[in-house]
There are 6 protein chains.
Amino acid sequence: MPERKGNRSAGDLRELKITHKYLSHHPGSVLIEIGETILLCAASIEERVPSFLKNTGRGWLTAEYSMLPMSSRTRVPREAVSGKIGGRTHEIQRLIGRSLRAVTNLAAISERTVYIDCDVIQADGGTRTAAITGGFIALAHLFLEMKREGKLATIPLTDFVSAVSVGIVNGSLMLDLDYQEDSQAEVDMNFVMTGRGRFIEVQGTAENATFDRQQLSAMTDLAANGIENLIRYQREILGDAI
Amino acid sequence: MPERKGNRSAGDLRELKITHKYLSHHPGSVLIEIGETILLCAASIEERVPSFLKNTGRGWLTAEYSMLPMSSRTRVPREAVSGKIGGRTHEIQRLIGRSLRAVTNLAAISERTVYIDCDVIQADGGTRTAAITGGFIALAHLFLEMKREGKLATIPLTDFVSAVSVGIVNGSLMLDLDYQEDSQAEVDMNFVMTGRGRFIEVQGTAENATFDRQQLSAMTDLAANGIENLIRYQREILGDAI
Amino acid sequence: MPERKGNRSAGDLRELKITHKYLSHHPGSVLIEIGETILLCAASIEERVPSFLKNTGRGWLTAEYSMLPMSSRTRVPREAVSGKIGGRTHEIQRLIGRSLRAVTNLAAISERTVYIDCDVIQADGGTRTAAITGGFIALAHLFLEMKREGKLATIPLTDFVSAVSVGIVNGSLMLDLDYQEDSQAEVDMNFVMTGRGRFIEVQGTAENATFDRQQLSAMTDLAANGIENLIRYQREILGDAI
Amino acid sequence: MPERKGNRSAGDLRELKITHKYLSHHPGSVLIEIGETILLCAASIEERVPSFLKNTGRGWLTAEYSMLPMSSRTRVPREAVSGKIGGRTHEIQRLIGRSLRAVTNLAAISERTVYIDCDVIQADGGTRTAAITGGFIALAHLFLEMKREGKLATIPLTDFVSAVSVGIVNGSLMLDLDYQEDSQAEVDMNFVMTGRGRFIEVQGTAENATFDRQQLSAMTDLAANGIENLIRYQREILGDAI
Amino acid sequence: MPERKGNRSAGDLRELKITHKYLSHHPGSVLIEIGETILLCAASIEERVPSFLKNTGRGWLTAEYSMLPMSSRTRVPREAVSGKIGGRTHEIQRLIGRSLRAVTNLAAISERTVYIDCDVIQADGGTRTAAITGGFIALAHLFLEMKREGKLATIPLTDFVSAVSVGIVNGSLMLDLDYQEDSQAEVDMNFVMTGRGRFIEVQGTAENATFDRQQLSAMTDLAANGIENLIRYQREILGDAI
Amino acid sequence: MPERKGNRSAGDLRELKITHKYLSHHPGSVLIEIGETILLCAASIEERVPSFLKNTGRGWLTAEYSMLPMSSRTRVPREAVSGKIGGRTHEIQRLIGRSLRAVTNLAAISERTVYIDCDVIQADGGTRTAAITGGFIALAHLFLEMKREGKLATIPLTDFVSAVSVGIVNGSLMLDLDYQEDSQAEVDMNFVMTGRGRFIEVQGTAENATFDRQQLSAMTDLAANGIENLIRYQREILGDAI
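The present account deals with the structure reproduced in this document. Note that the structure is predicted; figures quoted are calculated from it, not measured.

**Digging into the overall build of chain A**
Turning to step 1, where the next piece is worked out: Tallying secondary structure elements over chain A gives 5 helices and 9 strands in all.
Turning to step 2, where the next piece is worked out: Counting from the amino terminus, helix and strand elements in chain A follow one another as β-β-β-β-α-α-β-α-β-β-α-β-β-α.
Turning to step 3, where the next piece is worked out: Referenced to the eigenvectors of the C-alpha coordinate spread, the extents of chain A come out at roughly 55 × 40 × 35 Å.
Turning to step 4, where the next piece is worked out: Put simply, of all contacts in chain A between residues at least 6 apart along the chain, 70% involve residues at least 24 apart.
Turning to step 5, where the next piece is worked out: By element, 46% of the accessible surface of chain A is carried by carbon and sulfur atoms, the whole surface being about 9,200 Å².
Turning to step 6, where the next piece is worked out: Of note, chain A has its 27 positive side-chain charges centred 6 Å away from the centre of its 30 negative side-chain charges.

Here it is, written out as C-alpha cells:
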C-alpha cells in the first residue's frame, strides 16, 4: 500500500473537527473540518414548499452545494458568473438532499422547506461526504433549536446519517481519500449509512479501471467501519437529544 | 412478490429490441426498445476536444440525454424553454459518459470528441440504463463504420458494456423495473457492468427506506445476471467484430 | 428541370405515411413521414392559459418545435445546452401555432392550453410544413379522444389544414422540396391552406435571387394542388368525424 | 371601407419623412418616420465575420430590431431584463437581414459584417417594414461614405429595397396599416420588393380569418404600388449614386 | 486649463434642451439634449409593486437605463443579445432610481410602481446625470398628468432634483464633462442635489490618479453651482405646479 | 447620540482581526474580521488578460464579491441559482476592483490578471469596505510571495489602501456602521483612501433624507481618521516590504 499522509492506515479516517454555531445568528450552522477539507454547513427553514407539495401537509428538504473559487488548488470560476450550475454540483446537491431526507420525517415539519447550505471553504477530497456528515449535524441543531423554541414538539429525525468515501489507489483499498489519493484512484465509492448501519446511498465509479465483486465487498466493509466511527462522533456531539 | 406485467419473474428482463441505423444518414444510430421504453441513441464524432485535452493526443467521449416532452405520461416541459438543464438530466448524462468512457480507448481516437445522443421517445422506466446499453451499440457501430472507412485501424473498445436497474418493491427484489414498479420502489439501484462481469458503476438510492448488506448483495446478484443477458444480446448484434 | 429523386415530377409530393398513436399513452400523437423527413407530432392539453387569457373563457394553442441533434446530416447542438432558443426555431413554432389556431375554435375549449410538440427525428427538407400537416392530425385525434371521453361536446375544429413547400431550383418550379433541392433553391415558399382551399399563411423568401409576379402565381398553383392532395389524405385518416 | 385616419384612401401610404445622419458620428444613420411610427436605423460595419464565413472572402449582413419600452401605448418590458429575445423580435430581425442581404453583394465587402440596428422609438404599425425601408437607406449611406473614404471601390448594392404592409380590415383591403387598423385586421401581409419590381419576401398571415386567391392577388397589387412609391422616394434621397 | 469645445469655461454647463411629450402617447416623456448627449426619458406607472412592498400601502420607483447600440462612437453590443445586464448598467439604473426616490413620496402613490426608462440615443458624456435631470422632468410631467386626470390629489414630489458631473482633466477642474474630456479625466465625480441645495448622491472615482481634500471641496463647489442652474431650468419648465 | 454596541464612540472602529494564509494552499488569502463581519479575501493570478488588453503589455485586476446564503440574518438566495448576478453585487465588485487598481502598477505585472475573491462568511455591516481593506492585504501577500518566488522583481503597489463607512443615524454621525446602525441610517457613505491620505473613491447616498455641505465635511473627517487607523494596522502586518 502506498504510504498515506499523516501515517494513516488504510481504514483510518482523517482527523475530524466540528465547530458548532460557527455563524453567530444561526444555531443550525457548523464548520466541519476533515483533515484539510473545510466546509460550512448551515441549516435553515422557510415557511413554504415546492408547488408539488402544496396542500399535502408535508415539508421538504433541499441542499445546495458550492465551492468557493479559491477552495481548490487552482481557482474554480464561480457558477454565478457563468450563470449555470454545473453537472457535478447538481449531482452532489441532489445526493446530499436525498441522504438527509431519508432520515427526516417530512410530515412532521408540515409545509416548510429546510435548506442545507454546504459551502466548501477548502477542498482536499471528500467534500460531498463531509457535506452529508456535517449537514446532518447542522440539521439536528436546527431542529433542537426549534424544539427549544416550541416550534417542534419532537425532533423529526428517524436516525443518524454519515457518509464516507472509499477508493482503490494503485490497487490498494483505502478509506476517506484526500485529494492526492482521490486524483490517483482507479475506483471511487461513496457510502451514506445510518446509525443502525443501513445503507441510504451506495455510489461506485470506475473511470480508468473496473472492479470485481470481491473488491466491492471489501470496500463496503471499510466504509461501514468508517461510518460507524463518524456516527459515534455525531452521537457524542448531539447526545441523546435525538 | 407483486405480480409483474407480462408475467415476468423477479429476475426477468423486459423484451429487448434494437433497430440498427434508424437514422438513414448515421451508421452509429440505433432505436432501442426495452418493454415500452424507447430511446434513440446516436453516436457521432467531431474533430475537436475540450480545452483540457488540447495537445494531449487524447480524445473525449461525452453523452447528452433528453426526454421528448410527451415521452412521459404527463407532458414534461422542454429544458430548452426554461434555458436550464436540470439536475436529473445532468446526473444521467454524466453517468452515460463515464460508463462508455470506461471501455473506450480515448488515446486511440486521438483528438476527437465522440457524442452519444440519447433521446427518450417513450419513458417506461429504466431510461438511463437503456441509454447506456443502446449507447454502447451505437458507439460500436460508429467505430465499425470508421474502421470500414479507414479512419480507425482497430476498434477502440476494450470491452462490452450494459446497464440494468434493480429495485426493492414492497419488500421484493426485482430486475429491470418499469415505470409502475419504479414509482413504488423503496430502493432503486443501477448497475453498469462489462462483458467480463466487472463493475463500472454501482448506484443505489433509498428515499423512503434503507437497505441492509444482505439486500445489497442480492440486488448485485440479480443485476449481474441481467447484464449477462444484455451483453449476450449485444454480442449477437455486434459479433466478433469488437 | 433537374431530375428529382424517385423520379418525382415538379408537382409531385413525396410519399406520405402517418402512424397514429405512436406513443402508447397519447392518443393525440402521430409519427409523420414525408419522404425521408420524419417528425413526431403530439398534441396535449393543460388546464391553464397564458395570463393574457385569464378570465376570458377562451383557450390557447401553442406549438413547440425542435430538431433532435442527429436529425440532420451534421450534428446540430441542442438548444437546451446553449440555453437559448434560436431564431429559426422561434419562427417555425410561431408559424405552426398560428396555422393551427386559425382552424381551432379557442372559445370552445374554454380556459385550457393545447400544446403541439413537433420533434424532428430525421430532417430531409420540409420539416415545418410536415409539422403543420402532422400537427393537425395529432390535434384532431386529441379532440376526438376528448369527445369520446365526454370532455368536449363537439370537435372544436372549423376546417382541415395542411402545409407544403414550393421552390425555384435552378429556374424550375418544384413542389415539396427535399433537403438537396432546398439547399440549392433560389426561392423558397411555404403555404398553409385549409380544406376549403383558403390561405392561412403564405411565406416566400428569396436569398440569392428574386422572383416576379408570374412565378409567384405559378408557385401558388403548385402549392394549392399539393395541399389538396395532403388534405385528401387527412380526410381519409380522420373521416367525417371532424 | 372604414374611414382611415387622415382621410387616407385604401392605397395611400402614410406620410414619410427621413432624417439623414440623425446620429452625428454615424453617416449610415437615419430617423425614419412613417405616420406616427418612428425608427432609428443605423448601419455599421465590423472587421470580422461569423465563423461559417471565415476564409471564404465573403462578408455578412445582420440586423437587430428592438422596441424601446415606451414606444408602445403600453410599456413593453425590455428583452435585456428577461435575458431572452422573444420570438417576434427574432422573426423580425431575420426578415430585415434576409431582405437587405438580397440586394447586397456580400462578396464585394470581403470578410466584414454589416450591422443594421433598427430601434423603434414610437410604434404605430408597420415597424418591420419601416425597418427595411429605412435600413436600406442607412445601408446605402454607409456604403456611400465608405466609397468616399476609399474603403470600397463601388457601392455593393444590386438594387433598391422597400417594404410595406397590406391587410384586410373588416373585409376591406388597405395599404400601410397603422396600429389601430392592424389590431383589427383579419389578414396581415408584408411585402418586400426591389426597385425592379421583383419580390424578395411575401408574408401573409391570417389568425382570425382566411383569404382566397383573388384577395391575395389584390393585396399584391396594392403592395406593389405602394412599394413603387417608397422606392421613388428612396431614389430621390439617394440619387444616382447607387 | 485645456481649451473646451464651444469655448466653455470650467464652470459652464453645455447647452440644454428639453422636448416635452416627445412620445405622442406618453405625457411623461421628454427628450433631453445636453450638448451632443441625447436621451429619451419616459415615466410610466403600473398597478403593482415588488413583493417586499405588498400590503404596505407604499409604492415604488425604479429606473432602467440602456444605450442604443449606435449611441456610442463604436457600436455597443445589445445587452438583450448577451442576455445579461452589465455591471455599469446596473450601477447607473440603481443610481437613477435612488436619486428620484429621494424626492418622491412613495406613500402618496399607494401600491403602484413608477418606471423611469432612460434610453441613450447619443452618448457624449454625462448620460447618467442627464438621465436623472431628464428623468425628474418626465416624472413630474407624469404626476401632473395624473393629477389632471384626478388620479392623484397632489403632486407627490418633495423637491426638485438635478445631477451633474465634475472632473479633473490634466489637473484642471471642469463641470459637465463631454466624452472627450471624460476619457482623459483623472478624477470623475457625479453629484445629485435637490432644489434646496442638499446632497442626495456624491460619487467620486479615481482610476489613474487620486485626489485630495482641497480638490474634493472645489469639485463640490463647481457641482453645486451647475446644479443650481439645472434646477433653475427645471423650474422654468415645470413652474409652480410642483 | 444613540448608544453603540460595545460602547463605541462615534469615531471608533470595530475590532479588527486578520488571519493570514487562511487557505493553506494560497499565500494571498486572508480572513478579515471587523466586529462580527467576516470575509475571506483571496488574491490569485492567471496568465491571460481581457481581450481589450491583449498585446498591450499591461495586466488587469478584477474583483468578485459574493455573500454566502447564510451570511445574513435571513437566508439570501444564491446568485448561481437565479443565474444572474444582481445589481448590488455588480456595484460592489466594480468598486473593489477600481479601488485596488488605483494603487496597482498594472504595467509591472505584464499580461496577467489578478483576481480578488471576496466571500462574505458573516455580514454585519461594512462588507464592501472590509473587502477592500482585506483585499489589499491579500493582494500584497500575493505579490510578496511572487517576489519571493522570483516572478516579480518589485512589489507592483504604489500605496496602501483601506476603506471605511460613515453614516448619519438618527442625526448623529458615526464611523464604521454595523448592520443595526446601517439599517437605520439616513445617509450612508463609503470612503476609500490611500496611505498618503488621498481619496480613491467617495460615495455618499441618501435614500430617506438628504445631507448638507457641513455634514459632508464632518463625515469626510471621520472617515479620514478611521482609514488612518486601518492603514496603520495594514502597515504593521505588511511592514516595510511594500
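**Quick notes on the interface of chain A and chain B**
Turning to step 1, where the next piece is worked out: Taken together, the contacts link 30 residues of chain A with 30 residues of chain B.
Turning to step 2, where the next piece is worked out: Carbon and sulfur atoms make up 45% of the surface buried where chain A meets chain B, a total of about 3,000 Å² over both sides.
Turning to step 3, where the next piece is worked out: Of all residues in chain A, A:Phe199, A:Glu207 and A:Arg213 give up the largest surface area on contact with chain B, accounting jointly for 21% of the area buried on that side.
Turning to step 4, where the next piece is worked out: Our count for the chain A to chain B interface comes out at 8 salt bridges.
Turning to step 5, where the next piece is worked out: Linking chain A with chain B are 16 residue pairs in polar contact (both at pLDDT 80 or more), by the criterion used here.

**Notes on the packing of helix H2 (residues 87–101) of chain E against helix H3 (residues 127–148) of chain E**
Residues and elements named next belong to chain E.
Turning to step 1, where the next piece is worked out: Close contact between H2 and H3 brings their axes to 10 Å; oriented N to C, the two are set at 40°. As summarised for this structure, H2 and H3 are arranged oblique, according to the angle between their axes. Classified by chirality, the crossing of H3 by H2 is right-handed. Contact with H2, carried on its side by Arg88, Glu91, Ile92, Leu95, Ile96, Ser99 and Leu100, involves Thr127, Arg128, Ala131, Ile132, Gly135, Phe136 and Leu139 of H3 and no other residues of that element.
Turning to step 2, where the next piece is worked out: Residues of the contact of H2 with H3, tallied by class, amount to 8 nonpolar, 3 polar and 3 charged.

**Observations regarding the sheet that holds strand E7 (residues 172–175) of chain E**
Turning to step 1, where the next piece is worked out: On the basis of which strands lie adjacent, the open sheet formed by 8 strands has the order E7(E)-E6(E)-E8(E)-E9(E)-E9(F)-E8(F)-E6(F)-E7(F) and antiparallel pairing. If you trace the sheet from one side to the other, it starts and ends with E7 of chain E together with strand E7 (172–175) of chain F, each paired once. Mean inter-strand twist for the sheet, computed between neighbouring axes without regard to direction, equals 15°.
Turning to step 2, where the next piece is worked out: Relative to strand E9 (residues 199–206) of chain F, strand E9 (residues 199–206) of chain E runs antiparallel, the two being bridged by 5 bridges.

**Looking at the packing of aromatic side chains**
Turning to step 1, where the next piece is worked out: Tallying each qualifying case throughout the model produces 24 aromatic pairs over all chains.
Turning to step 2, where the next piece is worked out: Ring geometry for C:Phe191 against C:Phe199: centres 6.2 Å apart, planes inclined by 50°, an arrangement best described as tilted.
Turning to step 3, where the next piece is worked out: C:Phe191 gets classed as buried once you look at its relative accessible area, which sits at 0%.
Turning to step 4, where the next piece is worked out: For C:Phe199, a relative accessible area of 2% gives the class buried.
Turning to step 5, where the next piece is worked out: Through a chain of ring-to-ring contacts, three or more aromatic side chains come together here, namely A:Phe191, A:Phe199 and B:Phe211.
Turning to step 6, where the next piece is worked out: Seen from the ring of D:Phe160, D:Arg235 lies directly overhead, with NZ or CZ sitting 4.7 Å from the centre.

**With respect to the arrangement of the chains**
Turning to step 1, where the next piece is worked out: Nothing in chain A touches chain D; the tightest C-alpha to C-alpha distance between them is still 11 Å.
Turning to step 2, where the next piece is worked out: No part of chain B reaches chain E; the closest C-alpha pair between them is 11 Å apart.

**Things to note about unusual backbone geometry**
Turning to step 1, where the next piece is worked out: Of note, E:Asn7 is a non-glycine position whose phi angle comes to about 55°, a positive value.
Turning to step 2, where the next piece is worked out: Within the secondary structure, E:Asn7 is located in the segment before strand E1 (16–20).
Turning to step 3, where the next piece is worked out: With a phi angle near 65°, F:Asn55 is a residue other than glycine that sits in the positive phi range.
Turning to step 4, where the next piece is worked out: Take F:Asn55: it is sitting in the loop between strand E3 (37–46) and strand E4 (60–67).
Turning to step 5, where the next piece is worked out: The exposure class assigned to F:Asn55 is exposed, which follows from its relative accessible area of 76%.

**Description of the pattern of salt bridges**
Turning to step 1, where the next piece is worked out: Overall, the coordinates contain 144 salt bridges over all chains when judged by the stated rule.
Turning to step 2, where the next piece is worked out: Linking E:Asp119 and D:Arg78 is a salt bridge whose minimum nitrogen-to-oxygen distance equals 2.9 Å. Taken together, the residues span two chains, with E:Asp119 in strand E5 (residues 113–122) and D:Arg78 in the loop between strand E4 (60–67) and helix H1 (79–82). The same class applies to E:Asp119 as to D:Arg78, namely buried.
Turning to step 3, where the next piece is worked out: Two residues, E:Arg4 and E:Glu181, come together in a salt bridge whose shortest N-O distance is 2.9 Å. Pair noted here: E:Arg4 is in the segment before E1 and E:Glu181 is in helix H4 (residues 179–184), with a separation of 177 residues, a long-range link. For the residue pair E:Arg4 and E:Glu181, the accessibility class agrees, reading buried in each case.
Turning to step 4, where the next piece is worked out: In the salt-bridge network here, residues are joined through shared partners; they are A:Arg4, A:Arg8, A:Arg14, A:Arg73, A:Asp124, A:Asp176 and A:Glu181.

About the criteria used
- Residues numbered from 1 in each chain as written.
- Chains lettered and ligands numbered in written order.
- Predicted model: local features only at pLDDT ≥ 70, side-chain atom pairs only at ≥ 80, totals over all residues.
- Heavy atoms only, no water.
- Helix = DSSP H or I, 4+ residues; strand = E, 2+ residues; numbered from the N terminus.
- Contact = heavy atoms within 4.5 Å.
- Areas by Shrake-Rupley, 256 points an atom, 1.4 Å probe, with all protein chains shown as cover.
- Lys, Arg positive; Asp, Glu negative; His and termini not counted.
- Charge placed at Lys NZ, Arg CZ, Asp CG, Glu CD.
- Buried area = accessible area lost by both parts, 1.4 Å probe.
- Salt bridge = Lys/Arg side-chain N within 4 Å of Asp/Glu carboxyl O.
- Polar contact = N/O pair within 3.5 Å; in protein donor to acceptor, adjacent residues only side chain to side chain.
- Axes fitted to C-alpha atoms, helices over the stretch in contact; angles between N-to-C directions.
- Parallel < 35°, antiparallel > 145°, perpendicular 65-115°, else oblique.
- Left-handed = near helix turned anticlockwise from the far one by under 90°.
- Nonpolar A, V, L, I, M, F, W, Y, C, P; charged D, E, K, R; others polar.
- Pairing = 2+ DSSP bridges.
- Phe/Tyr/Trp six-rings, centres within 6.5 Å; stacked < 30°, edge-to-face > 60°.
- Buried < 20%, exposed > 50% of the residue type's maximum accessible area, 1.4 Å probe, protein only.
- Lys NZ or Arg CZ within 6 Å of the ring centre and 35° of its normal.

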